[in-house]
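Chain and residue survey
As a plain string of letters, each chain reads:
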Amino acid sequence: MQNFDYQTPTRLIFGKGVVEKLPAVMAQFGKKILLTYGGGSIKKIGLYQKVKGLLKDAEIVELSGIQPNPKYNPSVLDGVRLCKEHKIDVILSVGGGSVLDCSKAIAAGACYDGDPWDLISYKVKAKAALPIVDIITLAATGSEYDCGGVISRTETNDKIGYMDPVLYPAVSFLDPEYTFTVSKKQTAAGIADAMNHTMEQYFVEDSTLLNDGFCESMLKSLMENGRKCIENPTDYTARAEMMLACTYGCNGILSLGNSPSGWPCHGIEHALSAYYDITHGEGLAIITPRWMRHILNEHTLPRFVKYGINVFGIDASLDKMTIANKAIDATYAFFESIGIPMHLREVGIDESRIDEMAHHIAVNEGLEHAYAPLNEQDIKQILIDSL
Ligand code: NZQ
Ligand code: ZN
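A brief look at the structure comes next. (Residues numbered from 1 in each chain as written. Chains lettered and ligands numbered in written order. Predicted model: local features only at pLDDT ≥ 70, side-chain atom pairs only at ≥ 80, totals over all residues. Heavy atoms only, no water.)

1. A few points about the site of ligand 1
Near ligand 1 you find 31 residues, and of these Ser-41, Gly-97, Ser-98, Asp-146 and Lys-159 are the closest. For ligand 1, an oxygen atom lies 2.7 Å from a polar atom in the side chain of Ser-41. Here Tyr-178 contributes a backbone N or O atom positioned 2.9 Å from a nitrogen atom of ligand 1. Bound to the protein, ligand 1 loses 88% of the 960 Å² it would expose on its own. For the shell around ligand 1, the elements supplying multiple residues, two or more each, are helix H5 (97-109), strand S6 (148-153), helix H7 (184-202) and helix H10 (264-276). Of the residues assigned to the shell around ligand 1, the class counts are 9 nonpolar, 18 polar and 4 charged. Each of domain 1 (11-179) and domain 2 (184-386) gives at least three residues to the shell around ligand 1. (Near = heavy atom within 4 Å. Polar contact = N/O pair within 3.5 Å; in protein donor to acceptor, adjacent residues only side chain to side chain. Areas by Shrake-Rupley, 256 points an atom, 1.4 Å probe, with all protein chains shown as cover. Helix = DSSP H or I, 4+ residues; strand = E, 2+ residues; numbered from the N terminus. Nonpolar A, V, L, I, M, F, W, Y, C, P; charged D, E, K, R; others polar. Domains from an automatic or database assignment.)

2. So, the pattern of salt bridges
This structure, assessed with the given rule, holds 17 salt bridges. The shortest N-O distance in the salt bridge between Asp-78 and Arg-81 comes to 3.4 Å. Placement of the pair is Asp-78 and Arg-81 together in helix H4 (residues 72-86), with a separation of 3 residues, close to one helical turn. For Arg-81, a relative accessible area of 40% translates into the label partly exposed. With its nearest N and O atoms 3.1 Å apart, the salt bridge here joins Arg-353 to Glu-356. According to the relative accessible area criterion, Arg-353 is partly exposed, its value standing at 26%. Linked through salt bridges whose partners overlap, the residues forming this network are Asp-78, Arg-81 and Glu-85. (Salt bridge = Lys/Arg side-chain N within 4 Å of Asp/Glu carboxyl O. Buried < 20%, exposed > 50% of the residue type's maximum accessible area, 1.4 Å probe, protein only.)

3. Things to note about the side chain of Arg-303
With respect to the element layout, Arg-303 can be found in helix H12 (residues 301-312). Each residue touching Arg-303, except ones within four places of it in the same chain, is listed here: Tyr-202, Phe-203, Val-204, Ser-207, Asp-212 and Tyr-371. (Contact = heavy atoms within 4.5 Å.)

4. A few points about the packing of H7 against helix H11 (residues 280-295)
At a minimum axis distance of 7 Å, the contact between H7 and H11 shows a crossing angle of 45°. On the basis of the axis angle, H7 is oblique to H11. Considering how the two elements wind past one another, H7 and H11 form a crossing that is left-handed. On the side of H7, the interface is formed by Lys-185, Ala-189, Ala-192, Asp-193, Asn-196, His-197 and Met-199, while H11 contributes His-280, Gly-281, Glu-282, Leu-284, Ala-285, Thr-288 and Met-292. Counted by class, the contact of H7 with H11 contains 6 nonpolar, 5 polar and 3 charged residues. (Axes fitted to C-alpha atoms, helices over the stretch in contact; angles between N-to-C directions. Parallel < 35°, antiparallel > 145°, perpendicular 65-115°, else oblique. Left-handed = near helix turned anticlockwise from the far one by under 90°.)

Next comes the structure, spelled out in structure tokens:
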């Protein structure tokens, strides 16, 4: 078991109606609020109106229109400018992971005098960030409980996962009822994202029985409850368990003491969504089974056998390689069964930029140090297999 130094300072407030506590929570941080949100879903579900009513005594400045795969320019830059102009005390992020990720970059940029890209690109370490409160409306990323934000810079095809302990939200509100309206497409993408977060922590060299059990349970819960959410979007129990599982997915708690994995599927997917602006969870679902098949060998075999038996209930008496291959087939079949397009061509990606993307990933993602090391040729092959 590896050493670790771990702290998650975020307060989680979970359940039906918890947003009523918003005024008391926000008052701890000050009166000047930057309210951030996306393309309008929070207005359709009545949450915008609810928040404005609850915070009628606060001074609210708004930043709207934050897109999926949030953009440095204009969203991060506009948010930083608004924070500085209005001397904002606290950011209130209402929406999915993209709105929250963008808000994290804004929070750090607002406390920095230079170009916020210096922070996102790790040129300069942030000294501080504005406090962030969020109401998360889509179960997927786990951004509500982690210190990462993923920001895209269109002109350079960069999509950078920016992590810093100053970025943990101070308080996250999670009311599963606000996820009832998430479309089947985004629900499925959220399931795939959280499953892949779990797999990125499960497929490692060195793990514990404890962590393997957490991860296997996460995967089973996400598959069972995720399917129920797709079949019946207003199933509170299923939406609630899916939401909590997604929250656990990304803050490292599932792999304390494990050796690092390098998060290879994320490294590859971030280039796909940087170059083609696709939905993150869909890109992951397409890449995952191809990555699995590519890294399956005598060394990785025991992990796949354990995964196949404990997650999919595959007959343990079968030959080990058969179990592993059946497990990979079952992974693919599950994603396909919840309606995810399983080929890159179906999400608008053809072979024309594969060489360029493979090179970009190999140079920027450090996957030669992953659990199963990947060089540029490996990455290219996984992308070709995913077409
Ligand atoms: O923009 P609006 O109108 O709000 O609509 C959004 C958006 O179109 C909609 N939506 C959100 N809540 C809804 C809703 N529609 C109906 N009802 C609701 N309650 O859903 C669409 C997608 O939203 P988005 O925020 O982009 O989705 P998600 O939460 O999956 O976030 C994806 C982003 O997070 C990054 C991804 O790379 C991607 O950029 N990630 C962040 C991570 C982190 N911070 O730890 C880890 C992940 O691995 C991931 O990379
Ligand atoms: Zn992810």
